[in-house]
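Notes for the structure review
Below, each chain spelled out in residue letters.
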Amino acid sequence: RMVKQETCTFSQIKIPVGRGKKFARSDGKVAIFFSHKCEHKFKLKRNPKHFRWTAVYRKKRSQQTQKEKKAKRIIVKSSIASRGVAGVPLEEILKKKNEKPEVRQAKQEAAIRALKAKKKEEIEKKKATKSVQQKAAPKPKQAKPVTSKKGNPPQARPQDKRR
């Protein structure tokens with residue numbers, strides 16, 4: 001039994017006065033345990049960070065009590081870095097951001113009209129080249145050779161031997 005408050009060697013839990021057990025190894029090191037469970041896991045050479053009920057696990061996973069969390073709270077202030085993205089300078093980005101929605105919509109519609117006009121021109125060019133080619137050399141239709149569609153009659157499938 002403990003005479004003063006100690007911490008468990010395995011679980012790092014504080015051992016109240018009157019509880020716990022001391023274990024002295026043959027090399028002279030003394031281990032103090034809160035319970036038989038802690039002693040058993042220690043002797044089996046288990047790692048305390050793998051057990052959820054140990055303080056080591058809780059510290060590793062940041063599962064301390066609310067008091068400890070408040071005491072360790074660190075405020076990190078982040079500053080926003082202003083820079084261009086993908087080769088576009090920051091001034092252009094800000095200019096686009098600050099322009100009015102009506103102006104932006106008008107630019108978008110103008111760009112769409114330009115694309116449609118370009119497509120229309122391409123289609124007209126294709127039609128013109130097609131008509132020129134058809135007038136220049138009309139191709140006579142060739143008759144396909146007639147082939148008989150005699151096929152081998154379907155063969156009877158062999159019966160399943162498992163039946």
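Quick note: structure is the one above.
Anyway, here's the lowdown on the structure attached to this text. (Residues numbered from 1 in each chain as written. Predicted model: local features only at pLDDT ≥ 70, side-chain atom pairs only at ≥ 80, totals over all residues. Heavy atoms only, no water.)

**Topic: the pairing of strand 4 (residues 30-33)**
Short version of the rule: A pair of strands is labelled paired if DSSP reports no fewer than 2 bridges between them. Only DSSP runs of H or I with at least four residues qualify as helices, and only runs of E with at least two residues qualify as strands; both kinds are numbered from the N terminus onward.
Looking at chain direction, strand 3 (residues 21-24) and strand 4 are connected through four bridges and run antiparallel. Note on strand 4: the bridge partner recorded for F23 is A31. Linking strand 3 back to strand 4 in an antiparallel pair, the connection comprises five residues, with G28 at a positive phi of about 100°.

**Concerning the nonpolar core**
Definition in use: In this text, buried Ala, Val, Leu, Ile, Met, Phe, Trp, Tyr and Cys residues form a nonpolar core when linked through side-chain atoms within 4.5 Å. Here the term buried applies to any residue with accessible area under 20% of the maximum for its type, exposed to any over 50%, and partly exposed to those in between, with areas from a 1.4 Å probe on protein chains only.
C8, F10, I15, A31, I32, F33, C38 and F51 together form the largest nonpolar core, which totals eight residues. Considering every element that reaches this core, the biggest residue donor is strand 4, with three residues.

**Things to note about a positive patch on the surface**
Rules: Residues enter patches when they are more than 30% accessible in relative terms and free of salt bridges; like-charged ones are connected within 9 Å and nonpolar ones (Val, Leu, Ile, Met, Phe, Trp, Tyr) within 5 Å. All accessible-area figures derive from a Shrake-Rupley calculation using a 1.4 Å probe, and residue coverage is judged against the displayed protein chains alone. Salt bridge, as used here, is a side-chain nitrogen of Lys or Arg placed within 4 Å of a carboxyl oxygen of Asp or Glu. In this tally, Asp and Glu contribute negative charge and Lys and Arg positive charge; neither His nor the terminal groups of the chain are included. In plain terms, the charge of a residue is placed at NZ if it is Lys, CZ if Arg, CG if Asp and CD if Glu.
On the surface, K49, R52, K60 and R61 cluster together into a patch of positive charge. In this fold, K60 is placed in helix 2 (residues 55-60). On the basis of relative accessibility, which here comes to 45%, the residue K60 falls in the partly exposed class.

**Examining the pattern of salt bridges**
This model, assessed by the stated rule, comprises five salt bridges. Taking the shortest distance from any N to any O, the salt bridge between E39 and K21 comes out at 3.2 Å. Residue E39 is located in helix 1 (residues 36-43), and its partner K21 is located in strand 3; the two are separated by 18 residues in the primary sequence. Taking the relative accessible area as the measure of exposure, E39 reaches 7% and is therefore buried.

**Digging into the packing of aromatic side chains**
Here is the rule we go by: Each aromatic pair joins two rings of Phe, Tyr and Trp (for Trp, the six-membered one) with centres within 6.5 Å, and gets the label stacked for planes under 30 degrees apart, edge-to-face for over 60, and tilted for any other angle. Sitting over a ring, as applied to charges here, requires NZ of Lys or CZ of Arg to be within 6 Å of the ring centre and within 35 degrees of the ring normal.
Following the criterion strictly, the structure yields five aromatic pairs and no others. When the ring of F10 is compared with that of F51, the centres are 5.9 Å apart and the planes differ by 55°; the resulting orientation is tilted. Placement of F10 in the loop between strand 1 (6-7) and strand 2 (14-15) and of F51 in the loop between helix 1 and helix 2 is noted, with a sequence separation of 41 residues between them. F51 shares its class with F10; the two are buried. Aromatic side chains F33 and F42 sit 5.0 Å apart centroid to centroid with 55° between the ring planes, which places their arrangement in the tilted category. By relative accessible area, which is 1% here, F33 ends up buried. Taken together, the ring pairs connect F10, F51 and W53 into an aromatic cluster. Of note, R19 hangs over the ring of F34, and the distance from its end group to the ring centre comes to 5.2 Å. Geometry around W53 places K37 over its ring, the cationic atom sitting 4.1 Å from the centre.

Structural measurements only, silent on function.
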